[in-house]
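# Secondary and tertiary structure notes
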Amino acid sequence: YKAMPPFGKFSCRLEAIAELKRQLVVINDAVDAQGPYLTGSEVSLADATLFPTMIFIVHALPKFEAIAPDAPAVLGDKLGRWYDWIAANDE
C-alpha cells in the first residue's frame with residue numbers, strides 16, 4: 001500500500017470526500033432492505049468489515065461537510081439504519 005500524501009490519488013480533500021460519498025451510495029444500494037444485517041438476517045463478514053469504517057465516517061465526515069452528524073444523513077437510508085441497529089444491539 002502506497003498512499004500518496006495527503007489525500008491518496010486525489011488532489012484535495014474535497015475530491016477525496018466526493019469519492020467516498022460515491023462509494024457510500026454504492027454500498028447503501030447493496031444493503032439488504034429487510035436486514036437487520038447488511039446481507040440479510042444473519043451477521044456476515046461484511047458487517048464486521050464495514051462497521052469500524054462506518055464509525056470513522058459517521059464521526060469524521062460531518063467535520064468536513066455541512067451535514068447532520070447522524071448515521072442516515074451521512075451514510076444513506078439503508079446503511080444508516082443498519083449502522084444505528086448495530087450500534088444499539090452490540091452484543
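Here is a short report on the structure shown in this document.

Each value, and the rule that gives it
Residues numbered from 1 in each chain as written. Predicted model: local features only at pLDDT ≥ 70, side-chain atom pairs only at ≥ 80, totals over all residues. Heavy atoms only, no water. Helix = DSSP H or I, 4+ residues; strand = E, 2+ residues; numbered from the N terminus. Buried < 20%, exposed > 50% of the residue type's maximum accessible area, 1.4 Å probe, protein only. Areas by Shrake-Rupley, 256 points an atom, 1.4 Å probe, with all protein chains shown as cover. Lys, Arg positive; Asp, Glu negative; His and termini not counted. Salt bridge = Lys/Arg side-chain N within 4 Å of Asp/Glu carboxyl O. Polar contact = N/O pair within 3.5 Å; in protein donor to acceptor, adjacent residues only side chain to side chain. Core = buried A, V, L, I, M, F, W, Y, C linked by side-chain atoms within 4.5 Å. Contact = heavy atoms within 4.5 Å. Phe/Tyr/Trp six-rings, centres within 6.5 Å; stacked < 30°, edge-to-face > 60°.

The subject of this paragraph is the overall build of the protein chain. Helix and strand content of the protein chain: 4 helices and 0 strands. Per-residue burial over the protein chain gives 31% buried out of 91 residues. As displayed, the protein chain has an accessible area near 6,200 Å², and 61% of this comes from carbon and sulfur atoms.

The next point concerns the side chain of D47. Inspection of the secondary structure puts D47 in helix 2 (residues 45-60). Within the buried set, D47 has no salt-bridge partner at all; the shortest N-O distance to an opposite charge, 12 Å, is to R81. Polar side-chain contacts of D47 include one of 2.9 Å to the backbone nitrogen of L38.

Core analysis: the largest hydrophobic core is formed by 18 residues, its most contacted members being M54, I57, L75, L79, W82 and Y83. Those elements that place two or more of their residues in this core are helix 1 (13-30), helix 2, helix 3 (71-75) and helix 4 (77-88). With 5 residues, helix 2 is the single largest residue contributor to this core. In this view, M54 contacts L24, L75, L79, W82 and Y83; residues no more than four positions away in its chain are not counted.

Considering all chains together, one arrives at 3 aromatic pairs under this definition. On the basis of an interplanar angle of 80 degrees and a centroid distance of 5.2 Å, the ring pair of Y37 and W85 is categorised as edge-to-face. Of this pair, Y37 sits in the loop between helix 1 and helix 2 while W85 sits in helix 4; the two residues are 48 residues apart in sequence, bridging distant segments of the chain. By relative accessible area, which is 17% here, Y37 ends up buried. By the ring-pair criterion, three or more aromatic residues cluster together here, those being F51, W82 and Y83.

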